[in-house]
Amino acid sequence: MNETTDLINKIIESIQEKKGKNIIVADLNDIEDSICQYFIICQGNSTSQVMAIADFIKDNVQRKTGNKAFGMEGMRNAQWVAMDYGNILVHVFLPETRHFYNLEHLWADAKLTSIPNID
């Protein structure tokens, strides 16, 4: 397993551990001039859950892989938190904000993989 795949898996595990839902991995590798290789998109049901998911991703991924996020934006209002891991961008949304921005549609030419929810 390569480093990128391992990082993706740790991010997904972190989201699932905090009960994040509707996880999508968008593979942007075949899209010219894309800003990264992968988007990981998920949602929490409240601003508190969005913050908890983002904080846990940051701490858990660093502890388990040694990778630190280069940047993290959106924690103030916690409607959309974006985390930059270089070749992977993580987006944690409130459902209504996710619906409004609809990143999956904007990157519809990417290979989209839906990760099953864990209840």
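Residues numbered from 1 in each chain as written. Predicted model: local features only at pLDDT ≥ 70, side-chain atom pairs only at ≥ 80, totals over all residues. Heavy atoms only, no water.

This part is about the sheet that holds strand S6 (residues 111-115). As summarised here, the arrangement of the six strands in space is S3-S4-S5-S2-S1-S6, forming an open sheet in which the pairing is mixed. Only two strands of the sheet have a single neighbouring strand rather than two, namely strand S3 (71-73) and S6. Each adjacent strand pair in this sheet contributes to an overall mean axis angle of 15°, direction not counted. Pairing geometry for S3 and strand S4 (residues 80-84), over three bridges, is antiparallel. Across the sheet, residue Glu 73 finds its bridge partner in S4, namely Ala 82. With respect to the sheet, helix H1 (residues 3-17) is in contact with strand S1 (21-27), strand S2 (38-43), strand S5 (88-93) and S6, its orientation differing from that of S2 by roughly 5°. (Pairing = 2+ DSSP bridges. Helix = DSSP H or I, 4+ residues; strand = E, 2+ residues; numbered from the N terminus. Axes fitted to C-alpha atoms, helices over the stretch in contact; angles between N-to-C directions. Contact = heavy atoms within 4.5 Å.)

Here we come to the environment of Ile 8. For Ile 8, the location among the structural elements is in helix H1. Residue classification places Ile 8 among the buried positions, given a relative accessible area of 10%. C-alpha of Ile 8 to C-alpha of Tyr 38: the two residues are 30 residues apart in sequence and 8.6 Å apart in space. Excluding anything up to four places from it in sequence, Ile 8 contacts Tyr 38, Ile 40 and Ile 88. (Buried < 20%, exposed > 50% of the residue type's maximum accessible area, 1.4 Å probe, protein only.)

This part covers the pattern of salt bridges. Across all of its chains, the model carries four salt bridges by this definition. The partner of Lys 10 in a salt bridge is Asp 6, with the nearest N and O atoms 3.9 Å apart. Residue Lys 10 and its partner Asp 6 are both found in helix H1; the two are separated by four residues, about one turn of the helix. Judged by its relative accessible area of 17%, Lys 10 falls in the buried class. The class of Asp 6 is partly exposed, set by a relative accessible area of 26%. Here the residues in one salt-bridge network are Asp 6, Lys 10 and Glu 13, joined through shared partners. (Salt bridge = Lys/Arg side-chain N within 4 Å of Asp/Glu carboxyl O.)

Now for unusual backbone geometry. Look at Asp 33: it is not a glycine, yet its phi comes out positive at around 60°. Structurally, the position occupied by Asp 33 is in the loop between S1 and S2. A relative accessible area of 75% places Asp 33 in the exposed class. A positive phi angle, near 55°, is found at Ala 78, a position not held by glycine.

The next subject is the nonpolar core. Ranked by internal contacts, the top residues of the largest apolar core, which has 24 residues, are Ile 11, Ile 40, Ile 57, Tyr 85, Ile 88 and Val 90. When residues of this core are traced back to their parent elements, those giving at least two are H1, S1, S2, helix H2 (47-65), S4 and S5. Not counting the four nearest positions on each side in its chain, Ile 88 is found in contact with Thr 4, Leu 7, Ile 8, Ile 11, Cys 36, Tyr 38, Ile 40 and Met 83. (Core = buried A, V, L, I, M, F, W, Y, C linked by side-chain atoms within 4.5 Å.)

This model, assessed by the stated rule, comprises four aromatic pairs. Ring plane angle 75° and centroid distance 5.4 Å describe the contact between Phe 39 and Trp 107, whose orientation is recorded as edge-to-face. Placement of the pair is Phe 39 in strand S2 and Trp 107 in the loop between helix H4 (103-106) and S6, with a sequence separation of 68 residues. What makes Phe 39 buried here is its relative accessible area of 3%. Consider the rings of Trp 80 and Tyr 101, whose centres lie 4.7 Å apart with planes at 50°: the pair is tilted. Pair noted here: Trp 80 is in strand S4 and Tyr 101 is in helix H3 (residues 95-101), with a separation of 21 residues, a long-range link. Taken together, the aromatic side chains of Trp 80, Phe 93, Phe 100 and Tyr 101 make up a single cluster linked through ring pairs. (Phe/Tyr/Trp six-rings, centres within 6.5 Å; stacked < 30°, edge-to-face > 60°.)

Function cannot be inferred from these measures alone, as they are strictly geometric.
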